[in-house]
Amino acid sequence: MPVLSRPRHPRAHRPTTTGLLVGLLVLGLTAAGAVGSPAAAAKQRTQVAGWSLAPLSVRTAEVVRVRVDVRRATARSPRTVGLQRRAAGTDSWTTVARSRTNGDGRVAFRVDTSRGFDGQLRLRVAASRASRSLTTQPRRLVVQRHDSVVTPPAPTSDVELEVVRLVNEARRSARSCGDEQYAAARPLRADDRLSQASREHARDMGERGYFDHTSADGRSPWDRAEAAGYDSAGGENIAAGYVTPADVVQGWLDSPGHCANLMSPDMVDIGVGHAVVDGSRYRSYWVQMFGRG
């Protein structure tokens, strides 16, 4: 039976930390097994949402960001958070970056991938007057060295091009996406970088047996787009089990949130990825990513 995900909606062109967190909060990720340090009984417990324990394997120079939401029972005030790492075979943790949460309790770090590394990452939230400190469980990080030759993206298939055509055909007419009314919008340009990111995610979902906007290695749609060289992605739709381009585009149009992404007048570019993975749960996987240009 075909399925659709929750759509990933557009974000600001140059995202703030808040914009980067959209989706992690919707998905309700929590810090599994987080351990708090001893504190006075009167202090409130600190929680971290968005910290994944899934192993992270990337290549040198690949863009990797860590984004979390620091939660607690008391009114929010800035908290100091440190990003720490430890090389395999060693016992000592080194703080490689430090930042303070914004007014919503959110904080983001860019992970250093400039050189090869094999070890672990963790976050350390410092104690405050009202809240306890917290150290997350470690997450495996492997940064693999690779040569500087850039592999060109695979050519767009006829199936993927047909999805682009059908999307642009849909945008030519005004339509309702649930309770929201959208005017006709300009056609989208097919972008190889967005298509590469979409195609890789479609195949990854089939081969690793999951269905989510967040990759098995913890990356968001924005991370995947930036790794492919596109830094202004605005939204993503995914689907699985649909057989034809017409079926999947109609499925997205029938879903208010996916339809809103597809009809957004703010979008300029589109990338489409399709993968058929025999033996997987849904066999056919579809991803479309929208960009602001």
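Residues numbered from 1 in each chain as written. Predicted model: local features only at pLDDT ≥ 70, side-chain atom pairs only at ≥ 80, totals over all residues. Heavy atoms only, no water.

## Quick notes on the overall build of the protein
Here's step 1: Each helix and strand in the protein was counted, giving six helices and 17 strands.
Here's step 2: In the protein, which comprises 293 residues, the proportion classed as buried is 48%.
Here's step 3: In the protein, of all internal contacts separated by at least 6 residues, the share reaching a separation of at least 24 is 71%.
Here's step 4: Accessible surface, the protein: about 13,900 Å² in total, of which carbon and sulfur atoms supply 48%. (Helix = DSSP H or I, 4+ residues; strand = E, 2+ residues; numbered from the N terminus. Buried < 20%, exposed > 50% of the residue type's maximum accessible area, 1.4 Å probe, protein only. Contact = heavy atoms within 4.5 Å. Areas by Shrake-Rupley, 256 points an atom, 1.4 Å probe, with all protein chains shown as cover.)

## Focus: the environment of His258
Here's step 1: Within the secondary structure, His258 sits in helix H6 (residues 256–263).
Here's step 2: Taking the C-alpha atoms as reference points, His258 and Glu236, separated by 22 residues in sequence, lie 8.2 Å from one another.
Here's step 3: Side chain to side chain, His258 and Ser255 meet in a polar contact 2.6 Å long. (Polar contact = N/O pair within 3.5 Å; in protein donor to acceptor, adjacent residues only side chain to side chain.)

## Here's the deal with the pairing of strand E9 (residues 117–125)
Here's step 1: Here strand E6 (residues 80–87) runs beside E9; their pairing, made up of seven bridges, is antiparallel. Bridge pairing in E9 places Arg86 opposite Gln120.
Here's step 2: Where E9 lies against strand E11 (residues 139–144), five bridges are found, and the strand directions are antiparallel. Residue pairing across strands places Gln120 opposite Arg140, the latter belonging to E11.
Here's step 3: Bridging between E9 and strand E10 (residues 134–135) involves two bridges; their strand directions are antiparallel. (Pairing = 2+ DSSP bridges.)

## Looking at the pairing of E11
Here's step 1: By the bridge criterion, four bridges tie strand E4 (residues 56–59) to E11 in an arrangement that is parallel. Directly across from Leu56, in E11, lies its bridge partner Leu141.

## Some remarks on the pattern of salt bridges
Here's step 1: Enumeration according to the criterion identifies 14 salt bridges in this entry.
Here's step 2: Ionic pairing is found between Glu226 and Arg65, a salt bridge with its closest N-O pair at 2.3 Å. In this pair, Glu226 sits in helix H4 (residues 221–227) while Arg65 sits in strand E5 (residues 65–72), placing the two residues 161 residues apart along the sequence.
Here's step 3: With its nearest N and O atoms 3.2 Å apart, the salt bridge here joins Glu169 to Arg165. One end of the pair, Glu169, and the other, Arg165, are both in helix H2 (residues 158–171), four residues apart, so they sit about a helical turn from each other.
Here's step 4: For Glu169, a relative accessible area of 35% translates into the label partly exposed. (Salt bridge = Lys/Arg side-chain N within 4 Å of Asp/Glu carboxyl O.)

## Notes on the packing of H2 against helix H5 (residues 245–254)
Here's step 1: Relative to each other, H2 and H5 sit at 40°, their axes nearing to 9 Å. Judged by the angle between their axes, H2 and H5 are oblique. Crossing handedness for the pair H2 and H5: right-handed. Contacts between H2 and H5 involve Val159, Glu162, Val163, Leu166, Val167 and Ala170 on the former and, on the latter, Pro245, Ala246, Val248, Val249, Trp252 and Leu253.
Here's step 2: Taken together, the residues that form the contact of H2 with H5 break down as 11 nonpolar, no polar and one charged. (Axes fitted to C-alpha atoms, helices over the stretch in contact; angles between N-to-C directions. Parallel < 35°, antiparallel > 145°, perpendicular 65-115°, else oblique. Left-handed = near helix turned anticlockwise from the far one by under 90°. Nonpolar A, V, L, I, M, F, W, Y, C, P; charged D, E, K, R; others polar.)

## Considering H6
Here's step 1: The buried fraction of H6 is high, at seven of eight residues.
Here's step 2: Buried residues of H6: Gly257, His258, Cys259, Ala260, Asn261, Leu262 and Met263, and no others.

## Thoughts on the packing of aromatic side chains
Here's step 1: Tallied over the entire structure, the rule returns two aromatic pairs.
Here's step 2: Between Phe211 and Tyr282 the ring centres are 6.0 Å apart and the planes differ by 55°, which places this aromatic pair in the tilted class. Residue Phe211 is located in the loop between helix H3 (192–208) and H4, and its partner Tyr282 is located in the loop between strand E16 (269–276) and strand E17 (284–291); the two are separated by 71 residues in the primary sequence.
Here's step 3: A relative accessible area of 23% means that Phe211 is categorised as partly exposed. (Phe/Tyr/Trp six-rings, centres within 6.5 Å; stacked < 30°, edge-to-face > 60°.)

## Concerning the side chain of Glu160
Here's step 1: Within the fold, Glu160 resides in helix H2.
Here's step 2: A polar atom in the side chain of Glu160 sits 3.0 Å from the backbone nitrogen of Ser157.
Here's step 3: The residues contacting Glu160, other than those within four sequence positions of it, are Arg199, Val272, Gly273 and His274.

## Some details on the state of the cysteines
Here's step 1: Scanning the entire structure with this criterion turns up one disulfide.
Here's step 2: At a sulfur-sulfur separation of 2.0 Å, the disulfide partner of Cys177 is Cys259. Its S-S torsion of approximately -55° makes the covalent link between Cys177 and Cys259 left-handed. Note that Cys177 is positioned in strand E12 (residues 175–177) and Cys259 in helix H6, a separation of 82 residues in sequence. (Disulfide = S-S within 2.5 Å.)

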